[in-house]
Amino acid sequence: MKYKIIVLAKQVPDTRNVGKDAMTEAGTVNRAALPAIFNPDDLLALEQALQIKEQNPGTSVGVLTMGPPRAGEIIRQGLYRGADTGWLLTDRLFAGADTLATSYALATAIKKIGGADIIIGGRQAIDGDTAQVGPQVAQKLGLTQVTYAEEILGIEDGKATIRRHIDGGVETVVAPLPLLITVNGSATPCRPCNAKLVMKYKRATCPAECPAEGTAYDYLYEQKPYLNLTQWSVADVDGDPAQCGGAGSPTRVKAVQNIVFQAKESKTLSSSDSDVEGLIKELLNEKIIG
Amino acid sequence: MKNNVFVYCEIEGTTVAEVSQELLTKGRKLANQLGVQLHAVAAGSGITGKVESQILPYGVDKLFIFDAPGLFPYTSAPHTDILVNLFKEEDPQICLMGATVIGRDLGPRVSSSLVSGLTADCTQLEIGDYEDIKTHEKYTDLLYQIRPAFGGNIVATIVNPEHRPQMATVRSGVMQKQILDENYKGEVVIADVDKYVPDSDYLVKVIDRHIEAAKHNLKGAPIVVAGGYGMGSKEGFDMLFTLAKELHGEVGASRAAVDAGFVDHDRQIGQTGVTVHPKVYIACGISGQIQHIAGMRDSGIIISINTDPDAPINKIADYVVIGKVEEVVPKLIKYYKANSK
């Protein structure tokens, strides 16, 4: 069987390696100080998609992402690893979206693509940690969902058998296609980029990424149409601007605080024997430890 | 009467999850503040007569029970339709659920169906007012959904001014459970499941399921010895296990240490891990990102061992030991052995 697979992927600031200059003095996030990366869980989802493709010749894998023009990099990273195509949703109207408005945009784009047998994404993105977009896309498309997947064990007779993480254990479920799957952090790591594919796709670009005056490589885009990546605006996917971006988001951020903890009266000790022994004796005397 | 506070109770077999009881306790307080009732929803198989006593004593005014063979083990579609269809009848103003695998599967699906806002992993819930900066419209008595954001570097207060219910998930251990009255008189409604759940919802079949008993009791431990990325390796954690054993405590870790593979994921303390409230918290080589501090700041006595005198965690510590963990921890073990008993 051939399947049509869409991988949902997000470009995120690398919040795992936050340095001291990651926050501005005003307490806002200094995005420029954080490298933009392929969301780690989404890479695991891509791997599961590529494995299905290998086991089922003729399967197509496309990467769908939403973000600023530079998020075109996510599609290239997908192509370098074996994806066949990609779509970038980029428009000022998409900006400021909460999870609900994000899922509306993605679901609308998936309808434009013509749907898929399997839609697969990471469980959550490291910049929000919400895990909400996957299930919300599934609901908007009326699809069955399987979240926290660790491995797709097989697909047979229009049904996928999936091992998934649950609190305190694992379970195996059988779910009918079409299906939306989110992949847990415990899944198999993604394969590295393939050198041949990097050579093939390194100049693949979305229109928004191209400099206005053009480049010396302009001829390439005519000779090799696969280097022209698809880019869509709200209008291109027949989206309702009222349901996109900030306008379509039920949640509002009331306040953002750079947390300042109330400093306690603390005792500072050295690592000397007398200080450490003194600490232990104090804790024992005051019955803090038994 | 509508506009109440709802809590979705998660059930394993016939046992109500602790996180749900913690949320019932919080929900009771929110309902009191708003002058409305606290309602609970329980869905499972063979639960009637078994879950009431685990739910009503937290001050639940009305409990809706959905009892049918296909409702356990949990699958997304039937539980979603129960909440969506019940909420269409009941119009709650607030809905709380655990930030568990189930709550994080169910919450977004329900919120998308009802087009309402949902905030994940809240660490505080409060009632307060809000004025929209653009429209200058004023709202009273909204649910403040407070959570660390952006990898735990900031704390955001989220509100849902226009949409109901205001939905939030909260991790286990963040709120404290407390029985209000063993004999609290709440109404029990046994719902007609077929009215809420169409047959076509039972699409996903669970064919195999393994739940292991918890390997440790980090959440309830009186003393927690926690290690950070500064422990350097899996072997580095061994001395923390030794110290924890001596003190009859448990070992926890920061996200960075878990991500580096030094210890199992279930020992992670913080916003996206376990929240602990021990009598003594010993932070070894932990710098103290907000997302970690969110999971341990209510500890009794906090001891920080760190080479960096300016580590953020030192600000909330009662004792700061400036030094290398691999020097200080063996000394703690040695002098504890020498001085205890």
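Quick caveat, the model's predicted, so the values are computed rather than measured.

Caption draft 1: Examining the overall build of chain A more closely. Counting its regular elements, chain A contains 7 helices and 13 strands. In terms of overall dimensions, chain A has C-alpha extents of about 80 × 50 × 40 Å along its principal axes. Within the span of chain A, comprising 290 residues, buried residues form 52% of the whole. Restricting to contacts in chain A with at least 6 residues of sequence separation, those with at least 24 account for 70%. When the accessible surface of chain A is summed, it comes to about 13,200 Å², and 51% of that surface belongs to carbon and sulfur atoms. A gap of 3 Å separates the mean positions of the 30 positive and 33 negative side-chain charges of chain A.

Caption draft 2: Structural view of the packing of helix α3 (residues 99-113) of chain A against helix α4 (residues 133-141) of chain A. Residue and element names in this part refer to chain A. Where α3 contacts α4, the axes come no closer than 8 Å and their chain directions differ by 50°. By the criterion of interaxial angle, the relationship of α3 to α4 is oblique. As α3 packs across α4, the resulting crossing turns out to be right-handed. Residues Thr 99, Leu 100, Thr 102, Ser 103, Tyr 104, Leu 106, Ala 107, Ile 110 and Lys 111 of α3 form the contact with α4, whose own contacting residues are Val 133, Gln 136, Val 137, Lys 140 and Leu 141. Taken together, the residues of the contact of α3 with α4 sort by class into 8 nonpolar, 4 polar and 2 charged.

Caption draft 3: Geometry of the domain arrangement of chain B. All names here are of chain B. Taken domain by domain, chain B consists of domain 1 (5-201) and domain 2 (223-339). Relative to domain 2, the C-alpha centre of domain 1 lies at a distance of 33 Å. At the junction of the two partners, domain 1 supplies 15 residues and domain 2 supplies 10 residues. Of the roughly 960 Å² buried between domain 1 and domain 2, counting both surfaces, carbon and sulfur atoms make up 45%. Taken together, the connections running from domain 1 to domain 2 amount to 0 salt bridges. If you look at where domain 1 meets domain 2, you find 5 residue pairs in polar contact (both at pLDDT 80 or more). For the side of domain 1 that touches domain 2, the secondary structure elements donating two or more residues are β9 (138-149) and β10 (154-159).

Caption draft 4: Expanded view of the side chain of Thr80(B). Residues and elements named next belong to chain B. One can find Thr 80 in helix α3 (residues 76-90). For Thr 80, a relative accessible area of 5% translates into the label buried. Filtering out sequence-adjacent residues up to four positions away, Thr 80 remains in contact with Leu 106, Arg 109 and Val 110.

Caption draft 5: Spotlight on the interface of chain B and chain A. Listed as interface residues are 79 residues of chain B and, on the opposing side, 78 residues of chain A. Between chain B and chain A, the buried area comes to about 6,600 Å², and carbon and sulfur atoms account for 58% of it. At the surface where chain B touches chain A, the tally comes to 5 salt bridges. For Glu171(A), the salt bridge goes to Arg209(B), with nearest N and O atoms at 3.2 Å. Inspection of the region where chain B meets chain A yields 36 residue pairs in polar contact (both at pLDDT 80 or more). Broken down by element, the residue count for the side of chain B that touches chain A peaks at 9 residues, all from helix α4 (residues 101-114) of chain B.

Caption draft 6: Local environment of the packing of aromatic side chains. One pass over the structure, following the stated rule, counts 7 aromatic pairs over all chains. Residues Tyr229(B) and Phe262(B) carry aromatic rings whose centres are separated by 5.9 Å and whose planes lie at 15° to one another, so their mutual orientation is stacked. Within this pair, whereas Tyr229(B) is found in the loop between β14 (223-227) and α6 (238-246), its partner Phe262(B) is found in the loop between α7 (255-259) and β16 (280-284), the two being separated by 33 residues in sequence. Using a relative accessible area of 10% as the deciding quantity, one classes Phe262(B) as buried. Feature note: the residues Phe6(B), Phe64(B) and Phe87(B) constitute an aromatic cluster, connected by ring pairs. Just above the ring of Tyr226(A) sits the side chain of Lys200(A); from NZ or CZ to the centre is 5.0 Å.

Caption draft 7: A look at the packing of helix α7 (residues 273-285) of chain A against helix α9 (residues 325-339) of chain B. The contact between α7(A) and α9(B) brings their axes to 9 Å, and the two run at 50°. Regarding the angle of α7(A) to α9(B), the classification is oblique. Read as a crossing pair, α7(A) and α9(B) show a hand that is right-handed. Note on element contacts: α9(B) touches α7(A) through Val328(B), Lys331(B), Leu332(B), Lys334(B), Tyr335(B), Tyr336(B) and Asn339(B), opposite Asp273(A), Val276(A), Glu277(A), Leu279(A), Ile280(A), Lys281(A) and Leu284(A). For the contact of α7(A) with α9(B), the per-class residue count stands at 8 nonpolar, 1 polar and 5 charged.

Caption draft 8: Local environment of unusual backbone geometry. Here the residue pair Leu177(A) and Pro178(A) is connected by a cis peptide bond, since its omega of -10° sits within 30 degrees of zero. Locating Pro178(A) in the fold gives a position in the loop between β9 (169-176) and β10 (179-183). The step from Phe72(B) to Pro73(B) runs through a cis peptide bond, and the omega angle for that step is -5°. Inspection of the secondary structure puts Pro73(B) in the loop between β5 (62-67) and α3. Backbone geometry at His136(B) places phi at a positive 60°, although glycine is not the residue there. Inspection of the secondary structure assignment puts His136(B) in the loop between β8 (124-131) and β9. Classification of His136(B) as exposed rests on a relative accessible area of 53%.

Quick notes on the rules
Residues numbered from 1 in each chain as written. Chains lettered and ligands numbered in written order. Predicted model: local features only at pLDDT ≥ 70, side-chain atom pairs only at ≥ 80, totals over all residues. Heavy atoms only, no water. Helix = DSSP H or I, 4+ residues; strand = E, 2+ residues; numbered from the N terminus. Buried < 20%, exposed > 50% of the residue type's maximum accessible area, 1.4 Å probe, protein only. Contact = heavy atoms within 4.5 Å. Areas by Shrake-Rupley, 256 points an atom, 1.4 Å probe, with all protein chains shown as cover. Lys, Arg positive; Asp, Glu negative; His and termini not counted. Charge placed at Lys NZ, Arg CZ, Asp CG, Glu CD. Axes fitted to C-alpha atoms, helices over the stretch in contact; angles between N-to-C directions. Parallel < 35°, antiparallel > 145°, perpendicular 65-115°, else oblique. Left-handed = near helix turned anticlockwise from the far one by under 90°. Nonpolar A, V, L, I, M, F, W, Y, C, P; charged D, E, K, R; others polar. Domains from an automatic or database assignment. Buried area = accessible area lost by both parts, 1.4 Å probe. Salt bridge = Lys/Arg side-chain N within 4 Å of Asp/Glu carboxyl O. Polar contact = N/O pair within 3.5 Å; in protein donor to acceptor, adjacent residues only side chain to side chain. Phe/Tyr/Trp six-rings, centres within 6.5 Å; stacked < 30°, edge-to-face > 60°. Lys NZ or Arg CZ within 6 Å of the ring centre and 35° of its normal.

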